[in-house]
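Breakdown of the fold
So the chains spell out like this:
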Amino acid sequence: MAETYIEPTDLLTFYDRNRVLELCKDDTDGTGTPATAAQLQSVGSAPYVIANSAITVAASTLDSHCQRGKRYTRLDLEAIIAAWLDDEADVALAKRAALIRQLVADLAFGYLMSRRGFTGSQMKEMAPRYEEALMTLEAIAAGNMVFDIDANVNAGAPSSVRIGVNVYRPSLNNRMFGSWFDGAFQQNNGNWFGV
C-alpha cells in the first residue's frame, strides 16, 4: 500500500460512499446497481481494479510533482505512510500522512469522475477538491509548501551570512588608490605596512 498511499476502500472514507461505489462500477449488466464495499476489498473484482487504477495514477501524479527539483523522493513519501501504518494511534504520524492521503484521494476521485466523462464546470461542482489538489501539488513542486519531513522543513529556514568577508578589493594595497589599512600591520625593512 505504501507505494499507492491509500487503498480502494479508503475512498469511502474521503468521499461519499454512494458516489464512490457508483463511479467504481460500470453498468455492464444493465441493472444500474452500484459496486459494494466488499467488491472494493476484493482484489480481483472489476470495481477494485477501477478504483485501484485511479489511485495508482493519482499516486504517480503526486510522485512526479514532488520529485520536481528533487524536493522529495518517492521513498520519503512512502516512509511517512509506512510509519503511520506501523502506529496508527500516533497523532503526529497521522498528521504527517494526512495530506498525502487526502491528495491521492482527491486526485483519484477526480480521475474516477473524468472517467465517466465529467469535465469543466461539472468537475468543479462534483469534485471541487480535484482542482485544489492539483494547485497544492504545483505549490509543493514550486517549493511554496512542504510535507512535514524534518529535513525538508529545516532546509527552508534561512541562515544569515556575513557579506563582505574575504571579498577581493582591487583598491587594497594598490598605490593608485592610496594606502588602506584593515587594522593589521606588518614591518618590512623598518617600515610599517597595512596587511
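For the structure itself, consult the block above.
Below is a summary of the structure that appears in this document.

Analysis parameters
Residues numbered from 1 in each chain as written. Predicted model: local features only at pLDDT ≥ 70, side-chain atom pairs only at ≥ 80, totals over all residues. Heavy atoms only, no water. Salt bridge = Lys/Arg side-chain N within 4 Å of Asp/Glu carboxyl O. Helix = DSSP H or I, 4+ residues; strand = E, 2+ residues; numbered from the N terminus. Buried < 20%, exposed > 50% of the residue type's maximum accessible area, 1.4 Å probe, protein only. Expected span 1.5 Å × (residues − 1). Arc of directions from axis to C-beta. Contact = heavy atoms within 4.5 Å. Polar contact = N/O pair within 3.5 Å; in protein donor to acceptor, adjacent residues only side chain to side chain.

Another point: the pattern of salt bridges. Tallied over the full model, the rule gives 7 salt bridges. Close ionic contact of aspartate 26 with arginine 116 constitutes a salt bridge, the shortest N to O distance being 3.5 Å. With aspartate 26 in the loop between helix H2 (17-23) and helix H3 (37-41) and arginine 116 in the loop between helix H6 (91-115) and helix H7 (120-126), the pair connects residues that are 90 residues apart, well separated along the chain. Note on aspartate 26: relative accessible area 29%, which makes it partly exposed. Taking the relative accessible area as the measure of exposure, arginine 116 reaches 35% and is therefore partly exposed. Here arginine 68 makes a salt bridge to glutamate 138, at a shortest N to O gap of 3.5 Å. In this pair, arginine 68 is assigned in the loop between helix H4 (46-66) and helix H5 (74-86) and glutamate 138 in helix H8 (residues 128-142), connecting sequence segments 70 residues apart. The partly exposed category is assigned to glutamate 138, whose relative accessible area is 40%. Here the residues in one salt-bridge network are Asp26, Arg115 and Arg116, joined through shared partners.

Once that is clear, we can look at H5. With 13 residues, H5 ought to run about 18 Å at 1.5 Å a step, and its terminal C-alpha atoms sit 18 Å apart, in line with that. Where H5 is concerned, the buried positions are Leu77, Glu78, Ile80, Ile81 and Trp84. What you see down the axis of H5 is that its buried residues fit within an arc of 150 degrees, all on one side. In H5, the exposed residues that point more than 90 degrees away from the buried face are Leu75 and Asp86.

As a further point, take the side chain of aspartate 63. Note on placement: aspartate 63 falls in helix H4. When near neighbours in sequence (up to four residues on either side) are disregarded, aspartate 63 contacts Tyr5, Arg74 and Leu77.

With that settled, consider unusual backbone geometry. One non-glycine residue, tyrosine 5, lies in positive phi territory at about 75 degrees. Looking at where tyrosine 5 falls in the secondary structure, it is placed in the segment before helix H1 (11-14). For tyrosine 5, a relative accessible area of 0% corresponds to the buried category.

What follows covers the environment of glutamate 3. Relative to the helices and strands, glutamate 3 is located in the segment before H1. With 57 residues separating them in the primary sequence, glutamate 3 and serine 60 have C-alpha atoms 9.0 Å apart. Non-local contacts of glutamate 3, meaning those with residues more than four positions away in its chain, are made with Ala59 and Glu78.

For serine 45, the position within the fold is in the loop between H3 and H4. A polar atom in the side chain of serine 45 sits 2.5 Å from the backbone oxygen of glutamine 39.

Limitation: the analysis is restricted to geometry and does not speak to function.
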